[in-house]
Amino acid sequence: MILRSLMTAAVTAACCLSLTLPSAYARVEVTDDTGLVVVLEQHAQRIVSLSPHITENLFAAGLGDRIVATVAHADYPEQAKALPRVGGYNNLNLEALIQLQADLIITWGSGISYESKAKLDALGIPIYVSEPKTLEDIQDNINDFVKLGGLAEQEVSVLYTFDRVLAEFPRRKATATVFYQIWNDPIQTLNGLHIVNDVFSRCGLYNVFAEAPSVAPTLNVESIIAANPDLIVASGLGNERPAWLERWSHYRSINAVKHNAVHALNPDLMQRPTPRLLEGLAQICAWSSQLHKSNPDAHSP
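Thresholds, definitions, all that
- Residues numbered from 1 in each chain as written.
- Predicted model: local features only at pLDDT ≥ 70, side-chain atom pairs only at ≥ 80, totals over all residues.
- Heavy atoms only, no water.
- Axes fitted to C-alpha atoms, helices over the stretch in contact; angles between N-to-C directions.
- Helix = DSSP H or I, 4+ residues; strand = E, 2+ residues; numbered from the N terminus.
- Parallel < 35°, antiparallel > 145°, perpendicular 65-115°, else oblique.
- Left-handed = near helix turned anticlockwise from the far one by under 90°.
- Contact = heavy atoms within 4.5 Å.
- Nonpolar A, V, L, I, M, F, W, Y, C, P; charged D, E, K, R; others polar.
- Salt bridge = Lys/Arg side-chain N within 4 Å of Asp/Glu carboxyl O.
- Buried < 20%, exposed > 50% of the residue type's maximum accessible area, 1.4 Å probe, protein only.
- Pairing = 2+ DSSP bridges.
- Phe/Tyr/Trp six-rings, centres within 6.5 Å; stacked < 30°, edge-to-face > 60°.
- Lys NZ or Arg CZ within 6 Å of the ring centre and 35° of its normal.
- Core = buried A, V, L, I, M, F, W, Y, C linked by side-chain atoms within 4.5 Å.
- Disulfide = S-S within 2.5 Å.
- Right-handed = clockwise from strand over helix to strand, strands pointing away.

*Asks:* Give a description of the packing of helix α2 (residues 52-60) against helix α5 (residues 135-149) that names residues and reports values.
*Replies:* Geometrically, a packed helix pair is captured by the angle between its two axes and the distance between the axes. Where α2 meets α5, the axes come as close as 9 Å, and the angle between the chain directions of the two elements is 60 degrees. In terms of orientation, α2 and α5 fall into the oblique class. As for how α2 packs across α5, the hand of that crossing is right-handed. Contacts between α2 and α5 involve I54, N57, L58 and A60 on the former and, on the latter, I138, I142 and F145. Residue composition of the contact of α2 with α5, by class: six nonpolar, one polar and no charged.

Structure representation (structure tokens):
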């Protein structure tokens, strides 16, 4: 896979990078995804990560050894599973967090309640808010983490992987449509505000529910039949193909069903904004490129 060896190398090199590169006590400034400037008087040595995707991106940046705690469901890479936990969405253990003496907290804008964010702000610890909406945003987050940790950008190979893959898959005009299903009971999808749409735009696909009013709208079967997507992609709870995906075989009027363009993909490769999203991008674009070969009815939105 595109990133498997790179992630392994990043994890292995994290400790070495921290030891061989100068941990200079130099002031550093970066701008987070809310537009606020985050200032550290010295490079971060004790980091609390309040999202699984942030934990994964810190490892990719070579800073896995500086994470002193994370939250529930931070399960990648393997080393992340051994990290101490300080709760999850809406149930942060602030007492445990304070005892960690962190010098940087990195949180997910959409993954923390207003009340929890206000309590974090009151601690006086610098906070970086991560809210990536595009693949470039993921790269920018990792680059910011590298700076905050005082590491050398040229040593973080995943940044160059982003440069190469994003150049290979530029955004382009949609020539077919896609329905992305994240759950079955009820049927749910993601609208145009989610990062999955950046993936679709690079594969020449238009999300048939991009204009839905909520980020994760609930749908009925009739609305999907009416949308008539050329491609259906579903993500369940992991690598296994969801059993409920086979239910679409009963709806032969849908282009995707008619032309066997119904696929399953691990949600971590589509919904978690980390370098692994590049693997999801490659797979979605491969399926997209097959559409017009097998489906002459594939249509532009």
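There is more to say after this.
*Asks:* Kindly report on the pattern of salt bridges, identifying the contributing residues and their values.
*Replies:* Taken as a whole, this structure holds 15 salt bridges when the rule is applied. Close ionic contact of R27 with E41 constitutes a salt bridge, the shortest N to O distance being 3.2 Å. With R27 in the loop between α1 (4-20) and β1 (28-31) and E41 in the loop between β2 (37-40) and β3 (47-50), this pair connects stretches of sequence that are 14 residues apart. On the basis of relative accessibility, which here comes to 55%, the residue E41 falls in the exposed class. K133 serves as the salt-bridge partner of E131, at 3.9 Å between the closest nitrogen and oxygen. Overall, the relative accessible area of 16% leaves E131 in the buried class.

*Asks:* Quick rundown of the packing of α5 against helix α6 (residues 157-168)? Include the residues and the values.
*Replies:* Running from N to C, α5 and α6 cross one another at 165 degrees; their axes reach a closest spacing of 10 Å. Taken as axis vectors, α5 and α6 run roughly antiparallel relative to one another. α6 is crossed by α5, and the crossing has left-handed handedness. Between α5 and α6, the residues in contact are L135, E136, I138, Q139, I142 and N143 and V158, L159, F162, D163 and L166, respectively. Tallied by class, the residues present in the contact of α5 with α6 amount to seven nonpolar, two polar and two charged.

*Asks:* An account of the sheet that holds strand β7 (residues 176-181) is requested, with residue identities and associated values reported.
*Replies:* Sheets are built from strands that pair by backbone hydrogen bonding, the pairs being arranged parallel or antiparallel. The parallel open sheet is built from four strands, whose spatial order is β10-β7-β12-β13. The sheet terminates laterally at β10 (205-207) and β13 (262-264), the two strands that pair on one side only. Shown here is a sheet whose adjacent strand axes are inclined to one another by a mean of 30 degrees, direction ignored. Bridge count between β7 and β10: three bridges; the pairing is parallel. The residue of β10 that forms the bridge with T177 is Y206.

*Asks:* Kindly report on the packing of aromatic side chains, identifying the contributing residues and their values.
*Replies:* Here the distance between the centres and the angle between the planes together describe a pair of aromatic rings. If you walk through the whole model with that rule in mind, you get six aromatic pairs. Ring centres of F179 and F209 lie 5.7 Å apart, and the angle between their planes is 75 degrees; on these two criteria the pair is classed as edge-to-face. Of this pair, F179 sits in strand β7 while F209 sits in the loop between β10 and β11 (218-219), and the two are 30 residues apart along the sequence. You'll find F179 and F209 in the same group, each marked buried. An aromatic cluster of three or more residues is present, and its members are F179, F209, W248 and Y251. Just above the ring of Y76 sits the side chain of R276; from NZ or CZ to the centre is 3.7 Å.

*Asks:* I'd like a rundown of the nonpolar core, residues and numbers included.
*Replies:* Counting residues in each nonpolar core, the largest one holds 72 residues, and the members touching the most others are L104, F179, L205, I232, W248, L281 and I284. Take this core: its biggest share by element is seven residues, from helix α10 (residues 277-294). For W248, the residues in contact, after removing those within four places along its chain, are F179, Q181, I187, V221, I224, I232, I254 and V257. Judged by nonpolar contacts, the second largest core, of 16 residues, contains V48, V68, I127 and V129.

*Asks:* Report on the state of the cysteines, specifying residues and quantitative values.
*Replies:* Enumeration according to the criterion identifies one disulfide in this entry. Paired through a disulfide, C203 and C285 show a sulfur-sulfur distance of 2.0 Å. With the S-S dihedral at roughly -90 degrees, the linkage between C203 and C285 falls on the left-handed side. In this pair, C203 is assigned in the loop between α7 (196-202) and β10 and C285 in helix α10, connecting sequence segments 82 residues apart. Residue class for C285 comes out buried when judged on its relative accessible area of 8%.

*Asks:* For the pairing of strand β5 (residues 104-108), give the residues involved together with the corresponding values.
*Replies:* Along a regular strand, successive side chains alternate from one face of the sheet to the other. With four of five residues buried, β5 lies mostly within the body of the structure. Pairing of β3 with β5, which is carried by four bridges, proceeds in the parallel orientation. Considered in β5, the bridge of L50 is made with T107. Bridge count for β5 against strand β6 (residues 127-130) is four bridges, and the pairing is parallel. By the bridge assignment, I105 is partnered in β6 with I127. Regarding topology, helix α4 (residues 114-121) serves as the crossover connection from β5 to the parallel β6, and that connection is right-handed.

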